[in-house]
Amino acid sequence: MKYQRSSALFKEAQRYIPGGVNSPVRAFKAVGGTPVFVKEAKGAYLYDEDGNRLIDYISSWGPLILGHAYEPVLEAVIKKAKKGTSFGMPTEIETDLAKLALSMVLNMDKIRFVNSGTEACMSAIRLARGFTGKDKIIKFAGCYHGHADAFLIQAGSGAVTFGSPNSPGVTEGTAKDTLLARYNNLESVDALLEANKENVAAVIIEPVAGNMGCIIPDDSFIKGLRERCTEKKILLIFDEVMTGFRLAKGGAQEVLNIKADIVTYGKVIGGGLPVGAFAARKEIMDYLAPDGPVYQAGTLSGNPLAMSAGLAMLTALNEKPEVFESLANKTEYLHQGIERILSDNGIAHQINRFGSMISVHFTEKPVKDFEGAMKGNNDTFKKYFHGMLSKGVYLPPSAFESYFLNDALSYSDIDFTLEGLTEIVSDLK
Ligand code: PMP
């Protein structure tokens, strides 16, 4: 594979854009080398500026669950764009998407749309604080809820990849209101609840974590969280930006059989356009402006292009819910293949998978939290990433990310991927 044009474009981008990218993980800093500049994409494939074809395992970090340039989404967006791109006034399609989204998820009465997962999570904790009249939130080390100040405390994803899980620029005042617990560890939650009696507004969690690689919650952990929150009148916020409309119609709430008090969405709900959302029971959502005192707003929130993409995407998923199983089956097939090849070659590894979220941690011990994820061998990861890239397979360029399969991916694409791994596996030793 050649990357001459990507390399030239990256050099040029670096002159004008910090690090040459508009979101850090894209820059390949964790794995080295030149980031791939995409020209176009269709179905399961990316086509880069040098004419290489890559099988895509990130699907724009989750949104494109039915593959790139999915026709019904494209058609809806193009048709809508011709009628105007934004009005800053109410439109019918906002209610259409709200109705459909709420009919697919459990336990939620109202939803508000924003423009990103970050905004959704930031707004959700403000709402939780306003509603409960309490200040502190509990988050889990290694979970990522976007780049709002309150979340950049031991954050996962790019924040940990680049060594700044606690970002400079976040004031001490903000940091002291974010309490840090360990994923899959109820004792750490209990200790914080004991030390901060009466002042915890919310517990926010990725119900299946994807930002320290994929980490699966123990049943007793997630149930225990729900019980504690109910008992202490703390709102449980599920950050379903990754899991929402990916693990099932009803997301992690459905598959884990746990009801959250506030749920945040992003990625799939926008069909590839910038959409985030947060939803809750009526009494909580009515606390938002203009009906309630908690302020939250957005110039482009609910804009017709984003809403039409989201509506086309959710309509497709609502009409063929078998997609979720199909995706989980494909991911399982990939899982078994990688497992077999790495085991046969004596490469220490752990594969964590939940539905269509999967990641490979290069370590001997099971990975159940951030500390475990940090033990992964990054040199092996780099070789794995670049080896697979050289075979035409695009994986997330950081060990602290989950893969996101899309349903355009075929079993022969997965076989191709596994053949690639067989060819490069000896380099991982
Ligand atoms: N929450 C989770 C669980 C995420 O994975 C992400 C992004 N990867 C976010 C929030 C932030 O979303 P965005 O990048 O759209 O701001």
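Please read these numbers as outputs of a predicted model, since none were measured by experiment. (Residues numbered from 1 in each chain as written. Predicted model: local features only at pLDDT ≥ 70, side-chain atom pairs only at ≥ 80, totals over all residues.)

Trainee: Let's hear about the site of the ligand: which residues, and what values?
Mentor: Surveying the vicinity of the ligand reveals 17 residues, the closest of which are Ser-116, Gly-117, Thr-118, Gly-146 and Val-241. In terms of residue count, the dominant contributor to the shell around the ligand is helix 4 (residues 117-132) (3 residues). (Near = placed C-beta within 6 Å. Helix = DSSP H or I, 4+ residues; strand = E, 2+ residues; numbered from the N terminus.)

Trainee: Run through the sheet that holds strand 9 (residues 262-265), naming residues and quoting values.
Mentor: Strands sit in the order 4-10-9-8-7-5-6 across an open sheet of 7 strands; the sheet is mixed. Strand pairing shows two members of the sheet lacking a second neighbour, strand 4 (110-114) and strand 6 (178-181), which therefore form its edges. Neighbour-to-neighbour, the strand axes of the sheet open up by a mean angle of 20 degrees, direction not taken into account. Direction of pairing for strand 5 (residues 136-140) relative to strand 6: parallel, over a ladder of 4 bridges. For Lys-139, the partnering residue across the bridge sits in strand 6 and is Leu-180. Helix 7 (residues 186-195) rests against strand 5, strand 6 and strand 7 (200-205) of the sheet, and its axis sits at about 150 degrees to strand 6. Strand contacts of helix 8 (residues 219-231): strand 7 and strand 8 (235-239), with the helix running at about 145 degrees to strand 8, the strand carrying the most contacts. (Pairing = 2+ DSSP bridges. Axes fitted to C-alpha atoms, helices over the stretch in contact; angles between N-to-C directions. Contact = placed C-beta atoms within 7 Å.)

Trainee: Help me get a handle on the environment of Phe-370, residues and values and all.
Mentor: For Phe-370, the location among the structural elements is in helix 13 (residues 370-374). Taking the C-alpha atoms as reference, Phe-370 lies 16 Å from Ile-358; in sequence the two are 12 residues apart. Contact partners of Phe-370, with chain neighbours within four places excluded, come to Ala-141, Gly-142, Tyr-183 and Met-212.

Trainee: Explain the domain arrangement of the protein to me, and be specific about the residues and the numbers.
Mentor: As far as domains go, the protein holds domain 1 (4-69 + 322-428) and domain 2 (71-319). The C-alpha-based centres of domain 1 and domain 2 are spaced at 25 Å. Every contact between the two is made by 33 residues of domain 1 and, on the other side, 32 residues of domain 2. Mapped by element, the contributors of at least two residues to the side of domain 1 that touches domain 2 are helix 12 (322-344), strand 11 (350-354), strand 12 (357-361) and helix 13. Counting residues per element, the side of domain 1 that touches domain 2 draws most heavily on strand 12, at 4 residues. Along the lines of polarity and charge, the residues of the side of domain 1 that touches domain 2 split into 19 nonpolar, 9 polar and 5 charged. (Domains from an automatic or database assignment. Nonpolar A, V, L, I, M, F, W, Y, C, P; charged D, E, K, R; others polar.)

Trainee: Could you give an account of the sheet that holds strand 3 (residues 53-56), naming the residues involved and the relevant values?
Mentor: Strand order in the open sheet made by the 4 strands is 1-2-3-13, with mixed pairing throughout. Whereas interior strands pair on both sides, the edge strands pair on one side only; in this sheet they are strand 1 (38-42) and strand 13 (393-394). Summarising the sheet, strand 3 and strand 13 pair through 2 bridges and their orientation is parallel. Paired with Ile-55 across the two strands is Val-393, which belongs to strand 13.

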